[in-house]
Amino acid sequence: MGEFQVYHRGRLHVHLLQTTQFRTRHLSLKICRPLHRDSVTKSAMIPYLWMDGTSRLPSPLDIARYSDELFGALIRTNVGKRGPLQLAEVYASVPEESRAEEARGVFDDVVKLSLELATDPLRGPSGFSTEFVKREKSLHQKRIASQADDKIAYAMEKCTLHVCRGLPEGLPRLGFEEDIEALTPAELWAAHEQLLKESDVYLYIVGDIKEPDAMGEQLLEQLERQLPAASAASATSLGSAAVSKELVRAIPADGRGDEPEFITERQQVQQGKLNFGFRTGVSYDDEDYPALLVANGILGGFPHSKLFRNVREKESLAYYASSRLDGLSGIVAIQTGIEPGVAERAQQIILEQVDAMKQGDVSDEELHLTQGALANQYRQVMDQPVSRLEIHFSGTLAGIDRDVETLMKRMHEVSREDVVRASNRLRLDTVYFLSSQEGETHGN
């Protein structure tokens, strides 16, 4: 994280990465507020309404034409989720002006347009345009419904949301389909105004920045002009990154007892999806995070990992078997694709791999192969500007100042004993099985 220069005033934050590595300059505007059941669906729709027009560019076509004039700038909006936070985002990229004389000065206009989308969207007589709201409601219903089309992602989402049950992290990123029909243009406009008034705002720039201090100050002033109430933290704001740190923390590993919950969902699927969710209580800012990262890699991050070798290759129980670690929630999630009839056997073998690691069954070869594979992954990240800023942003929310190089060094220092200690922080919370077959008694 030290590679980014940080400027902030109140709840406005500007992060600049000065680099000549890339041929494009990237911008990411992130407006963050805590997830709440009553606002999650409205907040999820707002970034899509931003792209329908602004006071100056009153239609999607006008926005597209103007973007083309900005040297073909790519601009899009999205809704995201990080731990207990919901994010309304604007992304933009444009050719690096230091490499193309014709692009000189274009980035300033891209910044203005990105802020304009978020702070000055087109307003109708009673809020957002009635016509655009009607269309976005239909599109948002389809966005939510389409999540069930990718069964692997669907099963993972269902499992991890259940691990987070009862917490803001357990709310879906896009909200709830049943909320959409009743939403009005006025309600959505009020939600938009509340979002701008109460949220932390993070603006990231990655590119060949000549005078970062001057740009940092200029961008802060620009944010203040377009978000006039934002420079002074209000009573309901998240405040600075230090306050956010209290909000973005790992799901506690303990407190729900030792017995996991078993869920079986029936759908017409060709292949059963057997997923496992573990709480660890370890997030980015924990001393054990590098060790847990390595432990997850040994368990299921790579083709040499225990799940792939033993569940898929040796026992032929799964079409795929892997695990991943969410650095903010601290959840380790295992996902497998299996024949429904082998669910109980697959569950047994999978949990044996976790227990083996807790008991110290970690070889030097597994450790070194995993450390090398993780290093390769992070070297690839260093070549991707958006990935670099996203990693930095997660660290900011967790309140830790650590760059990728430092994290890679810490991973290489992880010992077998560190991996075993980190593995013992896994607490099985949820076993989720998506299957079309009736009659399994797996789990309990």
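Here's what I pulled together on the structure shown here. Everything numeric here is computed off the predicted structure, so don't read it as measured data. (Residues numbered from 1 in each chain as written. Predicted model: local features only at pLDDT ≥ 70, side-chain atom pairs only at ≥ 80, totals over all residues. Heavy atoms only, no water.)

1. A closer look at the overall build of the chain
Here is the rule we go by: Secondary structure elements are taken from DSSP: a helix is a run of H or I of four residues or more, a strand is a run of E of two residues or more, and numbering for both begins at the N terminus. What the globule rule says is 2.2 Å times the number of residues to the power 0.38, and the radius of gyration is computed from C-alpha atoms. Each residue gets one of three labels from its accessible area relative to the maximum for its type: buried under 20%, exposed over 50%, partly exposed in between, using a 1.4 Å probe on protein chains only. Residues count as neighbours in contact if any of their non-hydrogen atoms are within 4.5 Å of one another. With residues, only the protein chains shown are counted as cover, and all accessible areas are computed by Shrake-Rupley using a 1.4 Å probe. Just so you know, the count uses Lys and Arg for positive and Asp and Glu for negative, and it drops His and the chain ends. Charged groups are reduced to one reference atom each: NZ for lysine, CZ for arginine, CG for aspartic acid, CD for glutamic acid.
Assigned secondary structure in the chain consists of 16 helices and eleven strands. In terms of overall dimensions, the chain is globule-like: its C-alpha atoms have a radius of gyration of 23 Å, near the 22 Å expected for 444 residues. For the chain, buried positions account for 57% of its 444 residues. Considering only contacts within the chain whose residues lie at least 6 apart along the sequence, 82% involve residues at least 24 apart. With the model as given, the accessible surface of the chain reaches about 18,900 Å², and the carbon-plus-sulfur share is 48%. Across the chain, 51 positive and 67 negative side-chain charges occur, with their mean positions spaced 1 Å apart.

2. Observations concerning the sheet that holds strand β9 (residues 320–325)
Where we set the bar: Pairing between strands is defined by DSSP: at least two bridges between them are needed. A fitted line through C-alpha atoms represents every axis, and for helices the fit uses only the stretch in contact; the resulting angles, taken between N-to-C directions, go from 0 to 180 degrees.
Here five strands make up an open sheet; going across it, the order is β7-β11-β8-β10-β9 and the pairing mixed. At either end of the open sheet lies a strand with only one pairing partner, and these are β7 (261–266) and β9. Sheet twist, expressed as the average angle between the axes of neighbouring strands with direction ignored, equals 15°. In this structure, β7 lies alongside strand β11 (residues 427–435), joined through six bridges in parallel fashion.

3. What about empty space enclosed by the protein?
Test applied: A pocket here means an open set of points on a 1 Å grid, computed over the protein atoms alone, that has protein on both sides within 12 Å along at least five of seven lines. A cavity is instead a set of points where a 1.4 Å probe fits but cannot get out; residues with an atom within 4 Å of a point line either one. Grid points are joined across faces, edges and corners, and a volume is the space filled by probe spheres set on the points. Nonpolar residues are Ala, Val, Leu, Ile, Met, Phe, Trp, Tyr, Cys and Pro. Charged residues are Asp, Glu, Lys and Arg, and all others, Gly as well, are polar.
Scanning the entire structure with this criterion turns up three cavities of 30 Å³ or more. Estimates place the volume of the largest cavity at around 80 Å³. Counting only elements with at least two residues in the lining of the largest cavity, the list comes to α14 (385–398) and α15 (404–412). With three residues, α14 is the single largest residue contributor to the lining of the largest cavity. The residue makeup of the lining of the largest cavity, split by class, is six nonpolar, two polar and two charged. Approximately 70 Å³ is the volume found for the second largest cavity. Every residue lining the second largest cavity is listed: Leu292, Ala295, Asn296, Leu299, Val332, Val354, Met357, Ser423 and Leu426. Contributions of two or more residues to the lining of the second largest cavity are made by α10 (289–301) and α12 (343–358). By residue number, the principal contributor to the lining of the second largest cavity is α10, which donates four residues. Here the lining of the second largest cavity is composed, by residue class, of seven nonpolar, two polar and no charged.

4. Quick look at the packing of α10 against α12
As a reminder, the rule being used: Two helices that cross are described as forming a left-handed crossing if the nearer one is turned anticlockwise from the farther one by less than a right angle, and a right-handed crossing if clockwise.
Interhelical geometry of α10 versus α12 gives an angle of 145° and a closest axis separation of 11 Å. As for the relative orientation of α10 and α12, their crossing is right-handed in sense. Of the residues in α12, those in contact with Ala295, Ile298 and Leu299 of α10 are Gln353, Val354 and Met357. For the contact of α10 with α12, the residue count by class is five nonpolar, one polar and no charged.

5. Some details on the environment of Val269
By secondary structure assignment, the location of Val269 is in the loop between β7 and β8 (272–279). Assessed through its relative accessible area of 10%, Val269 is described here as buried. On a C-alpha basis, the gap between Val269 and Ser435 in space is 6.3 Å, while along the polypeptide they are 166 residues apart.

6. Section: helix α2 (residues 60–69)
To keep it simple, the criterion reads: In this context, the arc is that of the directions from the helix axis out to the C-beta atoms.
Inspection of α2 places Ile63, Tyr66 and Ser67 among the buried residues, and these make up the whole buried set. End-on view of α2: buried residues confined to an arc of 105°, all on one side of the axis. For α2, the exposed residues lying more than 90 degrees away from the buried face are Arg65, Asp68 and Glu69. Residues of α2 that are buried in the fold lie against α1 (40–50), β4 (74–82) and α3 (106–119). The first or second residue beyond α2 is Phe71, which carries a positive phi of 60°.

7. A short note on the pattern of salt bridges
As a reminder, the rule being used: By convention in these notes, a salt bridge is any Lys or Arg side-chain nitrogen within 4 Å of a carboxyl oxygen on Asp or Glu.
Per the stated rule, a full pass over the model turns up 30 salt bridges. Here Arg388 ties to Glu3 by a salt bridge, and the two come within 2.8 Å at their closest N and O atoms. Linking Arg388 in helix α14 with Glu3 in the segment before β1 (5–9), this pair joins segments that are 385 residues apart in sequence. Among the salt bridges present, the one from Arg9 reaches Glu217, with a minimum N-O distance of 2.7 Å. Within this pair, whereas Arg9 is found in strand β1, its partner Glu217 is found in helix α8 (residues 212–226), the two being separated by 208 residues in sequence. Each of the salt bridges in this network shares a partner with another, and the network as a whole consists of Asp286, Asp288, Asp418, Arg421 and Arg425.

8. Side note on the environment of Gly395
With respect to the helices, strands and loops of the structure, Gly395 is situated in helix α14. Residue classification places Gly395 among the buried residues on the basis of a relative accessible area of 4%.

9. A short note on the side chain of Gln371
Heads up, the rule is: Side-chain atoms alone can form a polar contact between residues adjacent in sequence; in general such a contact is a pair of N or O atoms within 3.5 Å, and within protein one must be able to donate a hydrogen while the other accepts it.
The topology assignment puts Gln371 in helix α13 (residues 364–382). Gln371 sits in the buried class, given a relative accessible area of 5%. Among the polar contacts made by the side chain of Gln371, one reaches the main-chain carbonyl oxygen of Val414 at a distance of 3.0 Å. Contact partners of Gln371, with chain neighbours within four places excluded, come to Val294, Met411, His412 and Val414.

10. Brief notes about the sheet that holds β1
Ordered in space as β1-β2-β6-β3-β5-β4, the six strands form an open sheet in which the pairing is mixed. Every interior strand has two partners, whereas the edge strands, β1 and β4, have only one. The sheet shows a mean angle of 15° between the axes of neighbouring strands, direction not considered. Against the sheet, helix α7 (residues 185–198) contacts β3 (24–34), β5 (85–95) and β6 (200–207), and its axis sits at roughly 100° relative to β3.

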